[in-house]
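In case you want the letters, here they are:
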Amino acid sequence: MNRVQINQTTLRLEKGDITRCEVDAVVNAANESLLGGGGVDGAIHRAAGPELLAACRLLNGCRTGEAKLTPGFRLKAAHVIHTVGPVWRGGTHGESDLLASCYQKSLELADANGIRTLAFPAISTGIYGYPLERATAIAVGTVRKYLEKHPGSDVTEITFVCFDDATVRAYEQAFEELERGT
Ligand code: AR6
């Protein structure tokens with residue numbers, strides 16, 4: 001299963017590179033400095049150009065679980081929502097609440113800025129080591145809760161962009177669990 005509908009919003013998954021997504025905003029899995037890094041963060045900064053780093057420098061960093069907005073500069077996406085996922089430290093350091101907060105705060109920023117189409121990477125599941133299936137369940141579950149609580153949300157389409165097949169399978173499973181209501 002690669003598509004789920006919640007109120008007016010379609011959740012979909014796509015395999016590929018988030019820097020090429022034609023959406024209103026892409027979400028960046030950043031670190032607290034917001035000054036760039038590896039993984040999807042490095043790819044977004046390379047594709048957006050040096051103006052993105054200059055804009056990020058003005059933001060004074062971002063705490064784990066929070067989100068901040070910049071323009072997308074040379075990306076096709078008009079905006080970048082930078083959020084900082086938790087580093088996995090065994091699961092007993094508030095990681096699940098912090099990861100859920102990344103999705104929640106990103107959606108709040110999207111709605112506050114008229115963003116209708118949004119693409120998320122699998123936050124924290126790369127360099128930060130969050131177990132994949134647990135992370136995708138939190139991603140999909142948090143988005144569902146947000147949309148059920150905000151039936152007037154302007155966001156019409158949310159794409160979970162998967163860089164590899166294991167991530168595709170994890171989102172497919174999370175979509176199936178959501179449809180089954182588990
Ligand atoms: N498009 C979509 N997904 C991607 C792309 C891409 N171009 N590149 C990687 N991914 P990660 P984190 C996937 O490590 O775990 C940075 O240094 C990747 O396969 O990018 O939150 C930051 O500055 C994985 O599925 O982010 C932080 O220091 C997912 O994106 C730290 O890494 C997230 O992997 C954040 O670590």
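Whatever comes next refers back to the structure up there.
None of these values were measured; they are calculated from a predicted model. (Residues numbered from 1 in each chain as written. Predicted model: local features only at pLDDT ≥ 70, side-chain atom pairs only at ≥ 80, totals over all residues. Heavy atoms only, no water.)

A.B. asks: Please clarify how the nonpolar core should be interpreted in this entry.
C.D. replies: A general trend in soluble globular proteins is that nonpolar side chains are found buried together. Among the nonpolar cores identified, the biggest contains 37 residues, and F120 and F160 are the most heavily contacted of them. Of all the secondary-structure elements, those providing two or more residues to this core are β1 (3–6), β2 (9–15), β3 (25–30), α3 (95–112), β6 (117–120), α4 (132–149), β7 (157–162) and α5 (165–180). Residues contacting F120, with those up to four places away along its chain left out, are I18, V27, Y103, S106, L107, V143, I158, T159, F160 and V161. (Core = buried A, V, L, I, M, F, W, Y, C linked by side-chain atoms within 4.5 Å. Buried < 20%, exposed > 50% of the residue type's maximum accessible area, 1.4 Å probe, protein only. Helix = DSSP H or I, 4+ residues; strand = E, 2+ residues; numbered from the N terminus. Contact = heavy atoms within 4.5 Å.)

A.B. asks: Explain the side chain of T142 to me, please; I cannot follow it from the model alone.
C.D. replies: Relative to the elements of secondary structure, T142 occurs in helix α4. Apart from residues lying up to four places away in sequence, T142 is in contact with A100, Y103 and Q104.

A.B. asks: Whenever I open this one, the site of the ligand confuses me. Can you help?
C.D. replies: Of all residues adjacent to the ligand, which total 21 residues, the nearest are N31, G38, V40, D41 and I127. In the model, a nitrogen atom of the ligand is placed 2.9 Å from a nitrogen or oxygen of the I18 main chain. Backbone polar atom of G126 to an oxygen atom of the ligand: 2.9 Å apart, as the coordinates give it. Isolated, the ligand exposes 700 Å² of accessible area, and the fraction of that covered by the protein chains is 91%. Counting atoms within 2 Å of the grid points, the majority share of the ligand lands in the largest pocket. Elements with a minimum of two residues in the shell around the ligand: β3 and α1 (39–48). A per-element tally of the shell around the ligand places α1 first, with 4 residues. (Near = heavy atom within 4 Å. Polar contact = N/O pair within 3.5 Å; in protein donor to acceptor, adjacent residues only side chain to side chain. Areas by Shrake-Rupley, 256 points an atom, 1.4 Å probe, with all protein chains shown as cover. 1 Å grid on protein atoms, 1.4 Å probe; cavity = no way out; pocket = protein on both sides within 12 Å on 5 of 7 lines; lining within 4 Å. Sits in = over half its atoms within 2 Å of the grid points.)

A.B. asks: Before we go on, may I ask you to explain the layout of surface pockets in this structure?
C.D. replies: Think of a ball as big as a water molecule: rolled over the atoms, this probe shows where empty space is left. Space inside the largest pocket adds up to approximately 590 Å³. Lining the largest pocket are 27 residues, and of these A29, G39, V40, A122 and G126 sit closest to its centre. Broken down by secondary-structure element, the contributors of at least two residues to the lining of the largest pocket are β3, α1 and β7. For the lining of the largest pocket, a count of residues per class yields 14 nonpolar, 10 polar and 3 charged. (Points joined across faces, edges and corners; volume = space filled by probe spheres on them. Nonpolar A, V, L, I, M, F, W, Y, C, P; charged D, E, K, R; others polar.)

A.B. asks: It is not clear to me how the packing of aromatic side chains should be interpreted in this structure. Could you clarify?
C.D. replies: How two aromatic rings sit relative to each other is given by the distance of their centres and the angle of their planes. Using the criterion set out here, one finds 5 aromatic pairs in the structure. Taking 4.7 Å as the distance between ring centres and 25° as the angle between the ring planes, the aromatic pair formed by F160 and Y171 counts as stacked. Of the two residues, F160 is situated in strand β7 and Y171 in helix α5; the sequence distance between them amounts to 11 residues. Note on accessibility: F160 and Y171 belong to one class, buried. Within the aromatic cluster, the residues linked to one another by ring pairs are Y103, F120, F160, Y171 and F175. (Phe/Tyr/Trp six-rings, centres within 6.5 Å; stacked < 30°, edge-to-face > 60°.)

A.B. asks: For this particular structure, what's the right way to read the pattern of salt bridges?
C.D. replies: Where charged atoms from two side chains of opposite charge approach closely, those side chains can pair. With the rule as written, the count across this model stands at 5 salt bridges. In this structure, E66 and K105 form a salt bridge, with 3.2 Å as the shortest nitrogen-oxygen distance. Of this pair, E66 sits in the loop between α2 (50–57) and β4 (67–71) while K105 sits in helix α3; the two residues are 39 residues apart in sequence, bridging distant segments of the chain. We classify E66 as partly exposed; its relative accessible area is 34%. (Salt bridge = Lys/Arg side-chain N within 4 Å of Asp/Glu carboxyl O.)

A.B. asks: Sorry, what's going on with the side chain of T159 here?
C.D. replies: You can see T159 is positioned in strand β7. A distance of 3.1 Å separates a polar atom in the side chain of T159 from a polar atom in the side chain of R12. Here T159 is in contact with R12, E14, L118, A119 and F120, once residues within four sequence places are set aside.

A.B. asks: Explain the pairing of strand β5 (residues 79–84) to me, please; I cannot follow it from the model alone.
C.D. replies: Remember that side chains alternate between the two faces of the sheet whenever the strand is regular. Here β5 lies mainly inside the structure; 5 of its 6 residues are buried. The sheet contact formed by β3 and β5 spans 6 bridges and is parallel. Across the sheet, residue A29 finds its bridge partner in β5, namely T83. As paired strands, β4 and β5 are joined by 5 bridges and run antiparallel to one another. (Pairing = 2+ DSSP bridges.)

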